[in-house]
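# Reading the structure
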Amino acid sequence: MTLQTRLAQITRDATLSPKQKSNFLALEADASLPYVAVSPAVEQAMQAGVIGDMFEGNAPFKPRYVLPDYAKYLKQGSKYLELNAAQDLDEALNALTILYHHVPSVTNIPVYLGQLDEVLMPFCQGLDSNTIYRKLKLFWIMLDRTLPDAFMHVNIGPTDNIVCRTILRIDAELKQIAPNLTFMYDPSITPDELLHVATTNICECSKPHIANYPVHAKSYDDKGFGIVSCYNSLPLAGGANTLVRLNLKEVALKAADINDFFENILPHYCQLTYELINARCKFLHQESNFFSSFLVKEGLIEETRFAPMFGIYGMAEAVNILRGHPELTESNSEKPSPYYGHHRAANELGHQISKTLDSIVKATAVDHGYNGRALLHSQGGISLDKDVTPGVRIPYGTEPNPIAHIQALAAHHQYYTSGISDILTIDETVKSNPLAMFQLCKGALQQGFREFTVNVASNDLVRVTGYMIKLSDIEKFKQSGSRTNTTGLGAEAAANTKILLRQPRVIAHELTPSYTD
């Protein structure tokens with residue numbers, strides 16, 4: 001298909017709004033530019049599907065993810081935006097709304113909206129709870145309607161405060177796909193009763209993520225961090241300049257045996273991944289002029305706080321291939337199962353791969369990184385992936401009971417600084433026993449999980465890779481499209497990646513990135 005034919009197809013697509021068409025047309029223009037200079041070996045690895053650039057564009061002129069210091073912005077105002085410092089909650093919400101439209105990302109919509117309870121609490125003094133509720137509910141609706149992208153992410157917690165509780169109340173009532181929401185949990189700060197509110201919300205609307213705050217915080221300096229997009233952890237006042245991912249399944253297929261995988265094949269493709277990371281970062285930092293923007297000049301972001309994300313996926317397939325069990329099917333009846341997620345030796349091999357990747361990433365300098373390094377990331381997959389499992393997850397449709405699921409994967413979480421998420425799917429009977437969700441969450445975090453994420457089987461609102469969609473919207477999408485940018489990705493993921501095959505379990509009973517037509 002020629003470029004002109006493809007552009008014409010986008011303009012005639014009945015399922016896209018004018019704004020969505022503009023976004024896809026822009027992506028096509030970006031993809032038509034010459035690619036950043038890389039070696040033939042990197043080109044070959046990309047063409048073979050061993051490494052990939054996550055559709056960030058051939059000439060990256062903006063970072064993948066940006067995390068402005070919103071508290072500083074509200075305190076000082078903005079010369080560029082001609083705004084004074086906010087004086088009350090109305091002015092704070094108005095100022096945030098304005099800045100959100102100037103924060104770029106890979107999706108062209110901000111992926112980080114701030115640690116909102118911490119940011120907004122100074123402006124809530126003297127306001128009664130009903131006033132705060134009314135204003136924040138209108139703000140929440142506005143976000144979903146004007147920035148309709150489920151990668152947009154709000155953080156709350158770990159302290160107990162009225163903004164945190166009000167947002168949890170509103171999110172459960174509205175059941176919107178956007179914004180995505182993470183509740184930070186710190187056992188030394190967060191009351192159990194507040195965590196129980198958050199986990200009860202999960203029963204109702206599959207949100208929020210529950211983040212293990214102490215584990216995340218120790219990976220960063222005093223300026224802090226934020227959880228953005230799906231579940232990605234990055235430095236506050238910085239972000240991710242790029243995300244390049246390595247397909248471990250393809251790496252394993254090229255290895256003669258396990259020793260060859262660890263000693264030769266994996267290090268080779270890690271080196272090529274780093275070459276691509278540095279090539280993309282060089283253009284962004286040295287040629288795009290992004291870091292001369294007002295966000296930098298006004299101190300809302302700092303160039304040195306941007307890190308490349310070294311992403312991996314296909315851990316399950318890699319382990320099964322290396323152990324000589326490549327064909328995994330839902331109907332497999334071997335007992336005990338030899339497969340990843342079920343067999344101790346298979347799980348331990350996966351942990352060894354993660355530990356090796358962690359050592360490589362911590363030892364390898366990058367030209368533009370956080371403290372000179374990239375951050376390891378368990379990448380949650382994209383809607384185009386076929387026959388390969390996201391990150392270190394257990395293949396959909398083959399998951400064990402929730403406790404065995406957590407025990408199989410917990411050891412991975414220590415290594416993935418910039419994000420890892422395993423989506424548990426729980427039977428709808430948990431709604432009559434929300435205490436079980438609370439106990440499962442606490443247990444997972446105590447086991448070392450960085451992020452606790454659950455879909456409840458009967459909920460219309462569900463997670464795909466980490467972002468939210470409504471199952472009812474998927475049914476409508478092919479006929480009438482959707483006002484929400486991520487519904488199309490969800491529909492494609494449902495068809496390609498088997499997300500709807502996730503196995504619901506009963507706790508009490510068992511201890512797009514590119515246009516496609």
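As a reminder, the structure under discussion sits directly above these lines.
To keep things clear, this report deals only with the structure shown in the data block. None of these values were measured; they are calculated from a predicted model. (Residues numbered from 1 in each chain as written. Predicted model: local features only at pLDDT ≥ 70, side-chain atom pairs only at ≥ 80, totals over all residues. Heavy atoms only, no water.)

Bringing the overall build of the protein into the picture now. A count of helical and extended segments in the protein gives 19 helices and 16 strands. Each of the 517 residues in the protein was classed as buried or not, and the buried ones make up 61%. As presented, the protein carries roughly 20400 Å² of accessible surface, and 51% of it is formed by carbon and sulfur atoms. (Helix = DSSP H or I, 4+ residues; strand = E, 2+ residues; numbered from the N terminus. Buried < 20%, exposed > 50% of the residue type's maximum accessible area, 1.4 Å probe, protein only. Areas by Shrake-Rupley, 256 points an atom, 1.4 Å probe, with all protein chains shown as cover.)

Burial of strand β4 (residues 153–156) is two-sided: the residues His 153 and Asn 155 facing one way and the residues Val 154 and Ile 156 facing the other way are all buried. With two bridges joining them, strand β3 (residues 112–115) and β4 adopt parallel strand pairing. Bridge assignment links Tyr 112 to a residue of β4, and that residue is His 153. Sheet topology places β4 next to strand β5 (residues 180–185); four bridges connect them, and they run parallel. Looking at the pairing, Asn 155 lines up with Thr 182 of β5. The parallel pair β4 and β5, bridged by helix α8 (residues 162–174), forms a crossover whose chirality is right-handed. (Pairing = 2+ DSSP bridges. Right-handed = clockwise from strand over helix to strand, strands pointing away.)

As enumerated under the stated definition, the model contains 17 salt bridges in all. Across the salt bridge formed by Lys 135 and Asp 90, the nearest N and O atoms sit 2.8 Å from each other. Of this pair, Lys 135 sits in helix α7 (residues 129–146) while Asp 90 sits in helix α5 (residues 89–100); the two residues are 45 residues apart in sequence, bridging distant segments of the chain. According to the relative accessible area criterion, Lys 135 is buried, its value standing at 19%. Glu 173 serves as the salt-bridge partner of Arg 169, at 3.2 Å between the closest nitrogen and oxygen. You can see Arg 169 and its partner Glu 173 sitting in helix α8, four residues apart, about one turn around the helix. (Salt bridge = Lys/Arg side-chain N within 4 Å of Asp/Glu carboxyl O.)

Judged by nonpolar contacts, the single largest core of 97 residues is most densely connected at Leu 120, Ile 210 and Phe 452. Residues within four places of Leu 120 in sequence aside, it is in contact with Leu 89, Ala 92, Leu 93, Leu 96, Leu 136 and Val 163. Phe 261, Val 361, Leu 376 and Ile 394 belong to the second largest nonpolar core, which has 49 residues in total. (Core = buried A, V, L, I, M, F, W, Y, C linked by side-chain atoms within 4.5 Å. Contact = heavy atoms within 4.5 Å.)

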